[in-house]
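Summary of the model geometry
Spelled out, the chains give:
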Amino acid sequence: MQCPKCRGAMRTYERNGVHIDQCDGCRGIFLDYGELETLTRMESQWSQSHAAPPPPPPPPVHGAPAWGAPHHGGHYGHHRQRSWVGMLFST
Amino acid sequence: MSDSDDLIDELLRIGARYGDAPAEVLPTRPDVIIVRAGSIVVKAHAPGAAEAPLVERMRAVARPALRGIMLEPLTEEVAVVHDRLVTVWPAGVPVDHRDPDAAPWEAAARLLARLHAVPARELPSLPAAGGPARVAATVARLDGDSAAERVVRRALACLPALDAGPGSPTHGDWHMGQLVRLPGGWILIDVDDLGIGDPAWDLARPAAWFAAGLLEPEVWHRFLGAYRAAGGLAAGAGADPWERLDLPAQAMTVQLTAAAVATAKREGRPLDEVEQVLIDTCQRIVQLRSACHSVPTQ
């Protein structure tokens, strides 16, 4: 088979069931029909098996909603802040 | 002389008629005017307030069923002065803003529990409670496109439709400014949002403050405990109050954030730490609600 780009000779390799034709001259690679999809599938399987598992959801704070402040107790120091007192007393 | 001077002059005259001391204007929120004359106050309600629902609400608070729970007016009459609705009330002592730690959380909780337990049949017909409508109205007043304003709008868009629904007598706009002390003890004030609706909305502000991490857990549990001990059912009877409080508290977080963003903008300053805490809470609401609603893409 001749390289469609530089007309050099192409050599056939097989890697994990995928046929790859590589040009001896320009090192370009030719894939048969369906081989690109096979590679994509293999890549996603690899990344799924190697990716870190999703972090477990934080345990629910007793008596607090899931959308609440993550570390209850962080903001009470701002207690005398004008905006907090204003909010406490106004519509 | 401006229209507002004319209005205040007329309120001072009404104050002098009902009161027992020289009338003076008290500081309050910008859309309301309060004139005090000794032991009474005259209130000009917000511009554009509808007369028919206020008349119904005034009738309700004049009923014995609400005596000792909500402040009884001097007269049921709703006057119209320069296009503003005007009512007359006994004056009480508000909660001290300089000492928020001394705020009467338990007394407030017990009053709300009593209000929620009043059978609707003992009251004249009442409009829908005002809480849910206030959320959308407060967000709608944001007129910019800052990152904070976009977060607020997204959080509101994530929530299911809000309505007062069926329920019980509900204050509709409860916070620590809605309580005054009379010789007989603390009492709820402000009829403007009183109506029938889900009473969980009356717990929504403290619930939102607690969830955001602004109100100490100890204070929240004192408030909720006193409410439940007084027979209040708005947070359900089971162990988890959030089954009932979740949506009203999320909606109230959106409203509080919208109001805070508007205040910071009006004052021409960046958000302070407390206001940023509210924005962060809105963002968590968006994340949680979006996670619930999202569908796999393949």
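All values reported here derive from a predicted model rather than from experimental measurement. (Residues numbered from 1 in each chain as written. Chains lettered and ligands numbered in written order. Predicted model: local features only at pLDDT ≥ 70, side-chain atom pairs only at ≥ 80, totals over all residues.)

Here we take up the sheet that holds strand 3 (residues 29-31) of chain A. Residues and elements named next belong to chain A. Reading across from one edge, 1-2-3 is the order of the 3 strands in this open sheet, with antiparallel pairing throughout. Each of the sheet's edge strands pairs with one partner strand only, and the pair in question is strand 1 (10-15) and strand 3. Between one strand and the next, the sheet's axes are offset by a mean angle of 30 degrees, whatever the strand orientation. Here strand 1 runs beside strand 2 (residues 18-23); their pairing, made up of 6 bridges, is antiparallel. Of the residues in strand 2, the one forming a bridge with Met-10 is Cys-23. (Pairing = 2+ DSSP bridges. Helix = DSSP H or I, 4+ residues; strand = E, 2+ residues; numbered from the N terminus. Axes fitted to C-alpha atoms, helices over the stretch in contact; angles between N-to-C directions.)

Another point: the pairing of strand 2 (residues 33-37) of chain B. Residues and elements named next belong to chain B. Here strand 2 shows one buried face, formed by Ile-33, Val-35 and Ala-37, and one open face, formed by Ile-34 and Arg-36. Relative to strand 2, strand 1 (residues 23-26) is paired through 4 bridges, and the arrangement is antiparallel. Note on strand 2: the bridge partner recorded for Leu-26 is Ile-34. Where strand 1 hands over to strand 2, the hairpin turn is made up of 6 residues, counted between the paired strands. Pairing of strand 2 with strand 3 (residues 40-44), which is carried by 5 bridges, proceeds in the antiparallel orientation. The residue bridging Ile-34 from the neighbouring strand is Lys-43, located in strand 3. Remark: 2 residues form the turn of the hairpin made by strand 2 and strand 3, two consecutive strands paired antiparallel; Gly-38 in that turn has positive phi of roughly 65 degrees. (Buried ≥ 20, exposed ≤ 12 C-beta atoms within 10 Å, placed from the backbone.)

Okay, the interface of chain A and chain B next. If you look at the interface, chain A gives 20 residues, while chain B gives 28 residues. Per-class residue counts for the side of chain A that touches chain B are 11 nonpolar, 9 polar and no charged. (Contact = placed C-beta atoms within 7 Å. Nonpolar A, V, L, I, M, F, W, Y, C, P; charged D, E, K, R; others polar.)

Before going further, it helps to spend a moment on helix 4 (residues 131-140) of chain B. In an α-helix there are 3.6 residues to a turn, and that puts residues three or four apart on one side. Residues and elements named next belong to chain B. Taken residue by residue, helix 4 has Gly-131, Pro-132, Arg-134, Val-135, Thr-138 and Val-139 as its buried positions. For helix 4, the angular spread of the buried residues around the axis is 160 degrees, confining them to a single face. Exposed side of helix 4, more than 90 degrees from the buried face: Ala-137 and Ala-140 are the residues found there. Here the buried face of helix 4 lies against helix 5 (147-158), strand 10 (195-197), helix 6 (204-212) and helix 8 (242-266). (Arc of directions from axis to C-beta.)

Before going further, it helps to spend a moment on the UniProt feature "domain: Transcription factor zinc-finger" (unreviewed entry) in chain A. This chain's UniProt record puts "domain: Transcription factor zinc-finger" (unreviewed entry) on residues 2-40 of chain A. When the span residues 2-40 of chain A is considered, its composition is 15% helix and 38% strand, and the gap between its end C-alpha atoms is 26 Å. (UniProt positions renumbered as here; feature names shortened; annotations may be inferred.)

Further remarks concern the UniProt feature "domain: Aminoglycoside phosphotransferase" (unreviewed entry) in chain B. UniProt records the feature "domain: Aminoglycoside phosphotransferase" (unreviewed entry) for residues 71-234 of chain B in the present numbering. Helix makes up 35% of residues 71-234 of chain B and strand 16%, with an end-to-end C-alpha separation of 22 Å.

Below, the discussion takes up the packing of helix 5 of chain B against helix 8 of chain B. All names here are of chain B. Two numbers describe how helix 5 lies on helix 8: the axes approach to 10 Å, and their chain directions differ by 160 degrees. Our classification of the angle between helix 5 and helix 8 gives roughly antiparallel. Seen from above, helix 5 lies across helix 8 with left-handed handedness. Contacts between helix 5 and helix 8 involve Ala-148, Glu-149, Val-152, Ala-155 and Leu-156 on the former and, on the latter, Val-254, Thr-257, Ala-258 and Val-261. Here the contact of helix 5 with helix 8 is built from residues that sort into 7 nonpolar, 1 polar and 1 charged. (Parallel < 35°, antiparallel > 145°, perpendicular 65-115°, else oblique. Left-handed = near helix turned anticlockwise from the far one by under 90°.)

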